[in-house]
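Take a look at the letters that make up each chain.
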Protein chains: 2
Amino acid sequence: MPAFEDHPIVYQSFAVIDQEIGEHDLSPEGYAVVRRVIHATADFEFKKLLRFSDDAIAATSMALQAGCPIVTDVGMVAQGLRRIVRETFQNPVIAAIEHAPKSPLPDQTRTEAGLLRCAQQYPHALFVIGNAPTALLALCRQVSEGTVHPSLVVGAPVGFINVIESKQALSDLEIPRIWVAGRKGGSGVAAAIVNALVILAWERGMGDGYG
Amino acid sequence: MPAFEDHPIVYQSFAVIDQEIGEHDLSPEGYAVVRRVIHATADFEFKKLLRFSDDAIAATSMALQAGCPIVTDVGMVAQGLRRIVRETFQNPVIAAIEHAPKSPLPDQTRTEAGLLRCAQQYPHALFVIGNAPTALLALCRQVSEGTVHPSLVVGAPVGFINVIESKQALSDLEIPRIWVAGRKGGSGVAAAIVNALVILAWERGMGDGYG
């Protein structure tokens with residue numbers, strides 16, 4: 001198991017972020033996630049916006065190492081994390097919208113319908129929502145009802161309608177979860193969170209003697 | 001040619017943005033682009049960051065209507081604009097990184113090498129950079145040397161290394177161009193800019209009697 005090597009420009013960017021980040025009380029692993037999100041957005045506000053349940057990073061590391069599938073809401077999120085997943089644990093990556101039934105229910109978005117279908121097939125997956133608050137809300141309902149048991153949910157939909165409500169629903173659950181408070185988020189943010197988690201898990205694997 | 005219909009949630013989001021945007025001196029078409037970027041990021045700072053050459057929107061409309069190919073730097077940008085392009089003008093969409101030669105030159109990134117190859121093949125394309133400043137810098141050099149003649153360049157790489165320099169190089173050129181001042185940008189921003197331009201061109205086509 002070789003060390004994971006980012007492009008040299010990534011490390012140069014991280015050095016700039018380290019210089020400019022200022023004070024924070026993030027754990028080293030939490031900071032690794034925040035730093036990759038800032039690298040993807042050049043937006044230091046994410047320092048204050050990212051929230052982690054206590055078990056999120058450790059639980060995710062184990063799930064990723066065990067080959068857990070990664071279900072994203074939309075194709076852009078999947079596209080943004082496929083390369084680093086392929087270079088490490090090679091977990092299956094599934095974009096839910098591509099599995100939407102031909103005729104979703106009248107009050108369902110296609111992403112929501114696709115996500116519910118994927119959640120049925122992969123109830124223990126790592127779920128990553130970077131776009132569709134409807135999908136995050138539907139997933140949270142399934143978790144509350146006990147039919148889906150995610151290894152982790154990343155809640156990073158972006159926007160103005162139902163977004164804050166969907167993140168609130170996630171924050172209220174008792175499962176491993178990472179979310180972006182407020183309206184911000186997006187495919188690039190969601191992918192950056194997962195890429196950071198994958199690299200942390202890879203480095204943990206090395207430390208645990210898998211190297 | 002039917003009217004382009006976004007999801008109802010998009011129009012609800014636009015209404016929130018209209019309420020909160022405050023004063024600006026953007027043209028109606030410039031505002032349509034800015035609004036879609038804010039919709040994709042929930043970041044109102046883009047109101048001040050987006051820059052347009054005078055001819056950018058009109059030139060792009062004609063190029064899109066004429067079937068001009070769209071060359072993006074990375075797959076995430078291509079993924080983010082494919083749906084709306086498919087539902088309108090169906091321009092070819094090419095992600096340069098997927099056309100990188102097997103052995104790029106030692107001082108070249110893969111995206112840069114792929115972009116130069118695509119620029120040779122499609123010198124009049126609409127080029128969209130949402131990630132790699134190296135690709136934008138290389139493209140600007142080719143334009144200066146007169147070997148590439150883009151219909152439009154969108155310069156929205158994000159980050160901390162070479163990003164501001166690459167946008168400066170684009171802003172100095174005398175071609176149709178849209179860029180994001182400063183460090184911000186990213187795949188979602190680049191895709192949102194193009195999606196707004198495609199819809200504007202589609203609506204212009206209707207107004208011009210193509211309907």
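To keep things clear, this report deals only with the structure shown in the data block. In this convention, every chain numbers its residues from 1, walking through the sequence in written order. As they are written, the chains are lettered A onward and the ligands numbered 1 onward, keeping that order. This being a predicted model, a pLDDT of at least 70 is required before a residue's local features are given, and a value of 80 or more before pairs of side-chain atoms are given or counted; all residues contribute to the totals for chains, interfaces and linings. Neither water nor hydrogens contribute to the side-chain values; these are computed over all heavy atoms in the structure.

A few points about the packing of helix H1 (residues 8-20) of chain B against helix H2 (residues 28-41) of chain B
All names here are of chain B.
At step 1: Interaxial angles span 0 to 180 degrees and are taken between N-to-C directions of axes, which are lines fitted to C-alpha atoms, for helices over the stretch in contact. By the criteria applied, helices consist of DSSP H or I runs no shorter than four residues and strands consist of E runs no shorter than two, each listed in order from the N terminus. Relative orientation of the contacting elements H1 and H2 amounts to 105°, with a least axis distance of 10 Å. In terms of orientation, H1 lies roughly perpendicular with respect to H2. Here Val10, Ser13, Phe14, Ile17 and Asp18 of H1 lie close against H2, whose contacting residues are Tyr31, Arg35, Arg36, Ile38 and His39.
At step 2: Residues are sorted three ways: Asp, Glu, Lys and Arg are charged, Ala, Val, Leu, Ile, Met, Phe, Trp, Tyr, Cys and Pro are nonpolar, and all the rest, Gly among them, are polar. Of the residues in the contact of H1 with H2, the class split is five nonpolar, two polar and three charged. Note on terminology: angles under 35 degrees are roughly parallel, angles over 145 are roughly antiparallel, angles of 65 to 115 are roughly perpendicular, and the others are oblique. Contact criterion: two residues are considered in contact whenever any of their non-hydrogen atoms come within 4.5 Å of each other.

Describing helix H5 (residues 75-86) of chain B
At step 1: By this rule the span expected of a helix is its residue count minus one, scaled by 1.5 Å. Its twelve residues place the ends of H5(B) 16 Å apart at the C-alpha level, agreeing with the 16 Å of an ideal helix rising 1.5 Å per residue.
At step 2: Only protein chains enter the area calculation, which uses a 1.4 Å probe; residues under 20% of their type maximum are buried, those over 50% are exposed, and those in between are partly exposed. Buried within H5(B) are the following residues: Gly75(B), Met76(B), Val77(B), Ala78(B), Leu81(B), Ile84(B) and Val85(B).

A closer look at the pairing of strand E5 (residues 152-155) of chain A
All names here are of chain A.
At step 1: Residue alternation in E5 divides its side chains into two sets, Leu152 and Val154 and Val153 and Gly155, and both sets are buried.
At step 2: A clockwise path from the first strand over the helix to the second, with the strands pointing away from the viewer, defines a right-handed crossover. After leaving strand E4 (residues 126-129), the chain enters helix H7 (residues 133-144) and then returns to the sheet as E5, a path that is right-handed.
At step 3: What makes two strands pair is DSSP finding at least two bridges between them. Examined bridge by bridge, E5 and strand E6 (residues 177-180) share three bridges and lie parallel to one another. Paired with valine 154 across the two strands is isoleucine 178, which belongs to E6.
At step 4: The handedness of the E5 to E6 crossover, carried by helix H8 (residues 163-171), is right-handed.

Concerning the pairing of E6(A)
All names here are of chain A.
At step 1: Of the two faces of E6, the one holding Arg177 and Trp179 and the one holding Ile178 and Val180 are both buried throughout.
At step 2: With three bridges connecting them, strand E1 (residues 50-52) and E6 associate as antiparallel partners. Bridge pairing links arginine 51 to tryptophan 179 in E6.

Some thoughts on the interface of chain A and chain B
At step 1: Facing the 29 residues of chain A at the interface are 29 residues of chain B.
At step 2: Joining two parts hides part of their accessible area as seen by a 1.4 Å probe, and the buried area is that hidden amount summed over both. Taken over both partners, the interface formed by chain A and chain B buries close to 2,300 Å², and the fraction arising from carbon and sulfur atoms is 70%.
At step 3: Considering only the side of chain A, the residues that lose the most area to chain B are Met76(A), Phe160(A) and Ile161(A), jointly responsible for 30% of the buried surface there.
At step 4: Each salt bridge in this description consists of a side-chain nitrogen of Lys or Arg and a carboxyl oxygen of Asp or Glu lying within 4 Å of one another. Joining chain A to chain B, the criterion identifies four salt bridges.
At step 5: In this structure, Lys184(B) engages Asp43(A) in a salt bridge whose closest nitrogen and oxygen atoms are separated by 3.9 Å.
At step 6: Counting only elements with at least two residues in the side of chain A that touches chain B, the list comes to helix H1 (8-20), helix H2 (28-41), helix H5 (75-86) and helix H9 (187-210) of chain A.

Overview of the sheet that holds E4(A)
All names here are of chain A.
At step 1: Taken in spatial order, the six strands of this open sheet run E1-E6-E5-E4-E2-E3, and their pairing is mixed. The open sheet has two edge strands with one neighbour each: E1 and strand E3 (93-95). Ignoring strand direction, the axes of neighbouring strands in this sheet form an average angle of 15°.
At step 2: Both strand E2 (residues 70-72) and E3 contribute to a ladder of three bridges, which runs parallel. Residue isoleucine 70 lies in a different strand from E3, and its bridge partner there is valine 93.

Some points on the nonpolar core
At step 1: Judged by nonpolar contacts, the single largest core of 111 residues is most densely connected at Ile70(A), Ile193(A), Ile70(B) and Ile193(B).
At step 2: In this view, Ile193(A) contacts Val33(A), Val37(A), Leu50(A), Val154(A), Ile178(A) and Val180(A); residues no more than four positions away in its chain are not counted. Nonpolar core, defined: a set of buried Ala, Val, Leu, Ile, Met, Phe, Trp, Tyr and Cys residues in which side-chain atoms within 4.5 Å join the residues together.

Digging into helix H4 (residues 56-65) of chain B
At step 1: When H4(B) is considered as a whole, its buried residues turn out to be Ala56(B), Ile57(B), Thr60(B), Ser61(B), Ala63(B) and Leu64(B).
At step 2: Where H4(B) terminates, the next one or two residues include Gly67(B), which has phi positive at roughly 90°.

Things to note about the packing of H7(A) against H8(A)
Residue and element names in this part refer to chain A.
At step 1: Across the interface, H7 lies against H8 with an axial gap of 9 Å and an inter-helix angle of 25°. Comparing their axes, H8 and H7 come out roughly parallel. In this structure, H7 meets H8 at a crossing whose hand is left-handed. Together, Pro133, Leu136, Leu137 and Cys140 of H7 and Val163, Glu165, Ser166, Lys167, Ala169 and Leu170 of H8 make up the contact between the two elements.
At step 2: Across the contact of H7 with H8, the residue classes tally to seven nonpolar, one polar and two charged. Take the far helix as the reference: if the near one is turned anticlockwise from it by less than a right angle, the crossing is left-handed, and if turned clockwise, right-handed.

Some remarks on the relation of the copies chain A and chain B
One copy of the chain maps onto the second through a rotation about an axis and a displacement along it.
At step 1: All copies are superposed by least squares; the fitting set is the C-alpha atoms of residues with a pLDDT of at least 70 in both. By a simple turn and slide, chain A fits onto chain B: the slide is 0.0 Å along the axis, the RMSD is 0.0 Å, and the turn is 180°. Here the transformation between the copies is reduced to the relation of a two-fold axis. Minimal C-alpha separation from the rotation axis in chain A is found for Met76(A), amounting to 2.7 Å.
At step 2: A symmetric contact is evident, with 100% of the interface residues of chain A recurring at the interface of chain B.

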